[in-house]
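# Tertiary structure, described
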Amino acid sequence: MTGQGSSKKIKESEQALKDLESIVFQTDSPAATGAFGALLAQGLEAGDFIALEGDLAAGKTSLVKGLAAGLGYAGPVTSPTFSLLQLYEGGRLPLYHFDVYRLKRPEELEDIGYEDYFYGEGVAAVEWSNETAAYLPANRIELKLSAGASQDQRRIALRVLGSREDWRQRRLQQFACLLKSYGVEE
Ligand SMILES: Nc1ncnc2c1ncn2[C@@H]1O[C@H](COP(=O)(O)OP(=O)(O)OP(=O)(O)O)[C@@H](O)[C@H]1O
Ligand SMILES: [Mg+2]
């Protein structure tokens, strides 16, 4: 009986750790999603990879606009749906903005030398990253955007993925701290 009790305890604490790995935020306008991106940008480092998931109009591009602004890029940001990749240079770090929605085959990423961007000197932000799952770096910041309670609300679930627990915890805490003005839903 004692054994069963302690294994249950371990399960519960494992669950608690798992819950800590995902933080859910909420925004209530496109501008707020952009501001969320700008705050997140303050914690970004060279080589970071941001995987953006979410349906059409979930707010992925709105968030990338904020990332670019937060990195100090002053030019326009548009969805790279037809060009696959747009480079925003001149800020604190270069930002490589991908939208892989219209890729016919994920292997097309190899034609443009994706490694230079996914493992480069700047920050990569990839819309529809789930379409190219096999190419995603193991260490990445994942943002899943979804509809909120009302038309202008969005939920943003942030996870840090990677094999090193200390790295994941450090980055997650860093982002939680930067983004605390958006509140933690769960
Ligand atoms: N809280 C919000 N955050 C972001 N966008 C919002 C929000 N509320 C409403 N919107 C609207 O949702 C749309 C989001 O468009 P956006 O291009 O950012 O989405 P997307 O996820 O990049 O879409 P796509 O899959 O087509 O690339 C815009 O029309 C925006 O005005
Ligand atoms: Mg988009």
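This text goes with the structure placed above it.
These remarks concern the structure in this document.

### Topic: the overall build of the protein
Scanning the protein from terminus to terminus reveals six helices and seven strands. Tracing the protein from N to C terminus, the helices and strands come up as α-β-α-β-α-β-β-α-α-β-β-β-α. Within the protein, buried positions represent 34% of all 186 residues.

### With respect to the packing of helix α2 (residues 30-41) against helix α3 (residues 60-71)
Running from N to C, α2 and α3 point in directions that differ by 45°, and their axes come no closer than 6 Å. One way to sum up the angle between α2 and α3 is to call them oblique. Where α2 crosses over α3, the handedness of that crossing is right-handed. Where α2 abuts α3, its residues Pro30, Thr33, Gly34, Ala35, Phe36, Gly37, Ala38, Leu39, Leu40 and Ala41 lie against Ser62, Leu63, Val64, Lys65, Gly66, Leu67, Ala69, Gly70 and Leu71. Residues of the contact of α2 with α3, tallied by class, amount to 12 nonpolar, six polar and one charged.

### Quick look at the site of ligand 1
Lining the immediate environment of ligand 1, one finds 19 residues, of which Thr33, Gly59, Lys60, Thr61 and Ser62 sit closest. Along the lines of polarity and charge, the residues of the shell around ligand 1 split into five nonpolar, nine polar and five charged.

### Focus on the nonpolar core
Phe36, Ile50, Leu67, Leu95, Ala124, Ala125 and Leu143 are the most contacted members of the largest nonpolar core, which has 41 residues in total. Elements with a contribution of two residues or more to this core: β1 (22-27), α2, β2 (49-53), α3, β4 (95-99), β5 (123-127), β6 (140-147) and β7 (154-161). When residues in this core are grouped by element, the largest group, five residues, is from α3. Setting aside its immediate chain neighbours within four residues, Ala124 contacts Phe49, Ile50, Tyr96, Phe98, Tyr117 and Phe118.

### Observations concerning the pairing of β5
For β5, the tally of buried residues reaches five of five residues, placing the bulk of the element in the interior. With burial as the criterion, each face of β5 is covered, one bearing Val123, Ala125 and Glu127 and the other bearing Ala124 and Val126. Note: β2 against β5, four bridges, orientation parallel. Within the sheet, the bridge partner assigned to Leu52 lies in β5 and is Glu127. Pairing geometry for β4 and β5, over five bridges, is parallel. The partner of His97 across the bridge, within β5, is Ala125.

### Re the environment of Ala46
Its location among the elements puts Ala46 in the loop between α2 and β2. The exposed category is assigned to Ala46, around which 11 C-beta atoms lie within 10 Å. Note: C-alpha distance between Ala46 and Gly120 (74 residues apart in sequence) is 7.4 Å.

### Regarding the sheet that holds strand β3 (residues 85-88)
Taking strand neighbours across the sheet as the criterion, the seven strands line up as β1-β7-β6-β2-β5-β4-β3 in an open arrangement whose pairing is mixed. One side of each edge strand has no neighbouring strand; the edge strands of this open sheet are β1 and β3. Each strand axis lies, on average, 20° off the axis of its neighbour in the sheet, ignoring direction. In the sheet, β1 pairs with β7 via six bridges, with the strands oriented antiparallel. Bridge pairing in β7 links Val24 to Ala157.

About the criteria used
- Residues numbered from 1 in each chain as written.
- Chains lettered and ligands numbered in written order.
- Predicted model: local features only at pLDDT ≥ 70, side-chain atom pairs only at ≥ 80, totals over all residues.
- Helix = DSSP H or I, 4+ residues; strand = E, 2+ residues; numbered from the N terminus.
- Buried ≥ 20, exposed ≤ 12 C-beta atoms within 10 Å, placed from the backbone.
- Axes fitted to C-alpha atoms, helices over the stretch in contact; angles between N-to-C directions.
- Parallel < 35°, antiparallel > 145°, perpendicular 65-115°, else oblique.
- Left-handed = near helix turned anticlockwise from the far one by under 90°.
- Contact = placed C-beta atoms within 7 Å.
- Nonpolar A, V, L, I, M, F, W, Y, C, P; charged D, E, K, R; others polar.
- Near = placed C-beta within 6 Å.
- Core = buried A, V, L, I, M, F, W, Y, C linked by C-beta atoms within 7 Å.
- Pairing = 2+ DSSP bridges.

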